[in-house]
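One-letter residues, chain by chain:
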Amino acid sequence: MAASAAQLIQELRRANPRITLVLNRAYSLLDKVDSHIDVALGESVYSTFDFERKEYRLVAPETYRLQVRWLQEAARRRSGLRVFTLDYWNPADPAGIAKIYREERANGFAPYVTSIDLTNVVNEP
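Trainee: In this structure, what is going on with the pattern of salt bridges? I would like to understand it.
Mentor: When the charged atoms of two side chains lie near each other, side chains of opposite charge can form a pair. Using the criterion set out here, one finds 7 salt bridges in the structure. As a salt-bridge pair, Arg77 and Asp34 come within 2.5 Å of each other at their nearest N and O atoms. Of this pair, Arg77 sits in helix H3 (residues 61-77) while Asp34 is found in the loop between helix H2 (30-33) and strand E2 (39-43), placing the two residues 43 residues apart along the sequence. Overall, the relative accessible area of 43% leaves Arg77 in the partly exposed class. What makes Asp34 buried here is its relative accessible area of 6%. Note that Glu73 is salt-bridged to Arg69, the shortest N-O span being 3.4 Å.

Spelled out as structure tokens, the structure:
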């Protein structure tokens, strides 16, 4: 299935060279398609929402480091690849939001933080 997905992305790029292609969290495809996409998006890289507990939380450190590595490796392989992150956090916690923005920018990413319902993209404090 992964090979078919990569082939589909490559065909989309060939057929539509001017469209913007964004790959969201498909880390296993990055090394096969990073030369065919414009943006790699990491969702819930540093923080996420725990639906069982109904609360925002940080991603497990090993998962966080792995996602950062995959995204940074893709950016190194393909000059000009934009890497965005989309993390979830409580909009009423500016200190937590500022920490997420700092962390993701330090990784070389273009970060965004939003509420879990995606209705409130929070500007960087």
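Trainee: Before we go on, may I ask you to explain H3 in this structure?
Mentor: Since there are 3.6 residues in each turn of an α-helix, residues three or four apart along the chain are aligned in direction. Between its terminal C-alpha atoms H3 stretches 24 Å, which fits the 24 Å expected from 17 residues at 1.5 Å a residue. Along H3, the residues classified as buried are Tyr64, Gln67, Val68, Leu71 and Ala74. With its buried residues spanning 130° around the axis, H3 presents them on a single face. Those residues of H3 that are exposed and aimed more than 90 degrees away from the buried face are Glu62, Arg65 and Arg76.

Here is what the cut-offs are and how they apply
Residues numbered from 1 in each chain as written. Predicted model: local features only at pLDDT ≥ 70, side-chain atom pairs only at ≥ 80, totals over all residues. Heavy atoms only, no water. Salt bridge = Lys/Arg side-chain N within 4 Å of Asp/Glu carboxyl O. Helix = DSSP H or I, 4+ residues; strand = E, 2+ residues; numbered from the N terminus. Buried < 20%, exposed > 50% of the residue type's maximum accessible area, 1.4 Å probe, protein only. Expected span 1.5 Å × (residues − 1). Arc of directions from axis to C-beta.

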